[in-house]
Amino acid sequence: MKKIFILKASKAKTSNDFSLNDLPGDGGRMDIVARCVNSAFFLSHDLRRDTEFIVVLEGEPNPPVTLRFIGNELKYLSPDERCIGGLIKKALEKQSEKETESTPGIFVSRKSFSQVLDEVGGEIIYLHEDGEDIEKISIQSEKIVFVLGDHLGLSSEDESLLKDAKRVSISPMVLHADHCIIIVHNVFDRKNL
Ligand SMILES: C[S@@+](CC[C@H](N)C(=O)[O-])C[C@H]1O[C@@H](n2cnc3c(N)ncnc32)[C@H](O)[C@@H]1O
């Protein structure tokens, strides 16, 4: 089964002039993006090759910018936030109208959140604490797409784009986006999916 995680990062910088020493402030919460990349891909001494991670950056000065990370093509990625932040900076240097590969397995484009949702395909699940319990849902597709908000969550306008998606909860508590990704992987790992 292929898993795709889509994060909407409403304040994350869309130019490369942020400091790797200040991903939360200067980067517009780019630390959240970096941690989500880590959670989407890293196993101990290996990567989850069957996973993709897409982030739509909507911060200043040039939104939107979309980055796609493809598990089975990734190179030069290590788990620490500075390394991931550095690859994000490289991708932001290379942005153009046409989707471009910045480093192996990382692609940059000017797609919006709504374009990404239109194009992604598969079964779309909106992760939300008020949804149906993930242990009780039935999965029909070989490609599942999980959509998450950042520290601000998704706006009602964003949610209207997800009106046909299943709303699924993984905990009664409100969790950090990167922790949600780990839990989703764990649920599917335990079912051998
Ligand atoms: C830090 S939370 C967002 C908190 C934000 N203040 C809000 O109220 O929406 C980040 C994202 O993780 C996901 N999330 C958090 N807790 C969850 C839960 N219990 N079940 C499913 N998804 C969850 C949601 O997609 C959420 O937008």
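Everything below is about the structure printed above this text.
Since the structure is predicted, the reported quantities are computational estimates derived from the model, not experimental observations. (Residues numbered from 1 in each chain as written. Predicted model: local features only at pLDDT ≥ 70, side-chain atom pairs only at ≥ 80, totals over all residues. Heavy atoms only, no water.)

A.B. asks: Even after reading the chapter, I still don't get the pattern of salt bridges, so can you show me in this structure?
C.D. replies: Pairing of side chains with opposite charge becomes possible as their charged atoms draw close. Under the counting rule described, the total for this entry stands at 18 salt bridges. Between Glu 58 and Lys 8 there is a salt bridge, with the nearest N and O atoms lying 2.8 Å from each other. With Glu 58 in the loop between strand 4 (51-57) and strand 5 (65-70) and Lys 8 in strand 1 (residues 2-9), this residue pair connects regions lying 50 residues apart in the sequence. Among the residues examined, Glu 58 registers a relative accessible area of 26% and is labelled partly exposed. Given a relative accessible area of 8%, Lys 8 falls into the buried group. The partner of Lys 111 in a salt bridge is Glu 119, with the nearest N and O atoms 2.9 Å apart. A residue is classified by how much of its surface remains accessible, and Glu 119, at 47% relative accessible area, is partly exposed. (Salt bridge = Lys/Arg side-chain N within 4 Å of Asp/Glu carboxyl O. Helix = DSSP H or I, 4+ residues; strand = E, 2+ residues; numbered from the N terminus. Buried < 20%, exposed > 50% of the residue type's maximum accessible area, 1.4 Å probe, protein only.)

A.B. asks: Can you help me understand the side chain of Ser 109 in this one?
C.D. replies: Examined against the element boundaries, Ser 109 turns out to sit in strand 7 (residues 106-109). Classification of Ser 109 as buried rests on a relative accessible area of 3%. Within the structure, Ser 109 has its side chain in polar contact with the backbone nitrogen of Lys 111 (distance 3.3 Å). Apart from residues lying up to four places away in sequence, Ser 109 is in contact with Pro 64, Val 65, Thr 66, Ser 96 and Glu 99. (Polar contact = N/O pair within 3.5 Å; in protein donor to acceptor, adjacent residues only side chain to side chain. Contact = heavy atoms within 4.5 Å.)

A.B. asks: Hey, could you run me through helix 2 (residues 81-93) in this one?
C.D. replies: At 3.6 residues per turn, the α-helix brings residues three or four places apart onto the same side. Helix length check: helix 2 (13 residues) gives 18 Å between terminal C-alpha atoms against 18 Å at 1.5 Å per residue, within 8%. Three or more residues of helix 2 are buried, namely Cys 83, Ile 84, Gly 85, Gly 86, Leu 87, Ile 88, Ala 91 and Leu 92. Residues of helix 2 that are buried in the fold lie against helix 1 (30-41), strand 4, strand 5, strand 6 (100-103) and strand 7. (Expected span 1.5 Å × (residues − 1).)

A.B. asks: Sorry, what's going on with the layout of surface pockets here?
C.D. replies: Empty space left among the atoms is revealed by rolling a probe the size of a water molecule over them. Size it by volume and the largest pocket reaches roughly 450 Å³. Looking at the largest pocket, it is lined by 25 residues, and the ones nearest its centre are Glu 129, Gly 149, Asp 150, Val 174 and Leu 175. Looking at the lining of the largest pocket, the elements with two or more residues in it are helix 1, strand 8 (123-133), strand 9 (143-149), strand 10 (166-169) and helix 5 (177-190). Considering every element that reaches the lining of the largest pocket, the biggest residue donor is strand 8, with 4 residues. Its residues assigned to classes, the lining of the largest pocket shows 12 nonpolar, 7 polar and 6 charged. Here the second largest pocket is characterised by a volume of approximately 170 Å³. Lining the second largest pocket are Lys 2, Ile 4, Glu 52, Ile 54, Thr 66, Arg 68, Glu 99, Lys 111, Val 116, Glu 119, Val 120 and Lys 143. Per-element accounting of the lining of the second largest pocket gives the leading share, 3 residues, to helix 3 (residues 113-120). (1 Å grid on protein atoms, 1.4 Å probe; cavity = no way out; pocket = protein on both sides within 12 Å on 5 of 7 lines; lining within 4 Å. Points joined across faces, edges and corners; volume = space filled by probe spheres on them. Nonpolar A, V, L, I, M, F, W, Y, C, P; charged D, E, K, R; others polar.)

A.B. asks: How do you make sense of the site of the ligand when you look at a structure like this?
C.D. replies: The local shell around the ligand holds 18 residues, among which Leu 127, Ile 170, Ser 171, Met 173 and Leu 175 are the closest. Between a nitrogen atom of the ligand and a main-chain N or O atom of His 128, the distance comes to 3.2 Å. In this structure, Gly 149 approaches the ligand through a main-chain N or O atom, which is 3.2 Å from an oxygen atom. Most atoms of the ligand, that is more than half of them, are within 2 Å of grid points of the largest pocket. For the shell around the ligand, the secondary structure elements donating two or more residues are strand 8, strand 9, strand 10 and helix 5. At 3 residues, the largest contribution of residues to the shell around the ligand is made by strand 8. Classifying every residue of the shell around the ligand by side-chain character gives 10 nonpolar, 6 polar and 2 charged. (Near = heavy atom within 4 Å. Sits in = over half its atoms within 2 Å of the grid points.)

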